[in-house]
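# Architecture and fold: a report
Here are the chains, one letter per residue:
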Amino acid sequence: MKLIISIVNRDDSNALVDSLMREGYRATVISTTGGFLREGNATIMVGAEDEKTAEVLQIIKDGCHTRTQYVNPLPPVMEPGELYMPTPVEVQVGGAAVFVMDVDSFHRF
Ligand code: 2BA
Ligand code: 2BA
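In this report, the structure presented in the accompanying data block is examined. (Residues numbered from 1 in each chain as written. Chains lettered and ligands numbered in written order. Predicted model: local features only at pLDDT ≥ 70, side-chain atom pairs only at ≥ 80, totals over all residues. Heavy atoms only, no water.)

### A word on the overall build of the protein chain
Regarding its fold elements, the protein chain presents 2 helices and 6 strands. Along the protein chain, helices and strands appear, N-terminal first, in the series β-α-β-β-α-β-β-β. Taken over the C-alpha trace, the protein chain has a radius of gyration of 18 Å; the compact-globule value for 109 residues is 13 Å, which it surpasses by more than 25%. Principal-axis analysis of the C-alpha atoms gives the protein chain an extent of 65 × 25 × 20 Å. Buried positions account for 28% of the 109 residues belonging to the protein chain. In the protein chain, of all internal contacts separated by at least 6 residues, the share reaching a separation of at least 24 is 67%. Total accessible area computed for the protein chain in this model is approximately 7,900 Å², and 53% of it derives from carbon and sulfur atoms. In the protein chain, 9 side chains carry a positive charge and 15 a negative one; their mean positions are 7 Å apart. (Helix = DSSP H or I, 4+ residues; strand = E, 2+ residues; numbered from the N terminus. Rg over C-alpha atoms; globule rule 2.2 N^0.38 Å. Buried < 20%, exposed > 50% of the residue type's maximum accessible area, 1.4 Å probe, protein only. Contact = heavy atoms within 4.5 Å. Areas by Shrake-Rupley, 256 points an atom, 1.4 Å probe, with all protein chains shown as cover. Lys, Arg positive; Asp, Glu negative; His and termini not counted. Charge placed at Lys NZ, Arg CZ, Asp CG, Glu CD.)

Spelled out as structure tokens, the structure:
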């Protein structure tokens with residue numbers, strides 16, 4: 001069995017979970033925050049049989065869209081009297097950051 005952990009844009013998470021459910025997978029959704037943008041995203045955990053991994057990855061790939069977002073970088077250390085004009089930088093956000101892990105055992109009690 002594998003545990004597939006995917007960090008996705010919050011806007012994509014509902015439709016993605018719907019797609020996973022439609023295909024008979026089980027999932028758990030956790031509300032998370034990205035360390036860089038400090039914006040809410042969603043972490044979706046799917047426990048699935050090894051041979052189903054490719055299909056789960058394909059559903060995630062199909063359900064997540066890459067976006068361009070502009071962020072203001074953290075300001076540098078300033079001397080008194082210095083002026084800092086923030087210049088937004090472009091970052092690519094999403095589709096999904098996915099980790100696949102081996103599961104030693106799975107129990108339901
Ligand atoms: P954030 O940390 O908020 O990052 C949002 C996007 O900002 C990233 O998109 C990436 O394009 C950019 N970014 C992040 N850290 C950066 C840095 N140090 N320098 C320059 N640009 C940076 P994604 O790579 O698609 O990641 C989306 C979210 O997935 C991330 O949100 C984070 O919550 C998670 N994530 C991505 N890679 C991860 C990893 N290796 N470990 C844990 N979480 C990860
Ligand atoms: P839920 O997804 O809200 O599922 C609640 C209960 O509904 C499940 O209880 C199960 O009896 C049923 N169920 C869920 N998905 C189903 C499906 N695709 N087909 C038929 N029945 C389904 P539990 O199996 O005891 O799961 C309780 C909670 O544990 C789940 O809440 C989910 O958050 C998590 N979970 C269970 N198995 C998981 C897995 N393989 N991967 C990720 N999360 C899992």
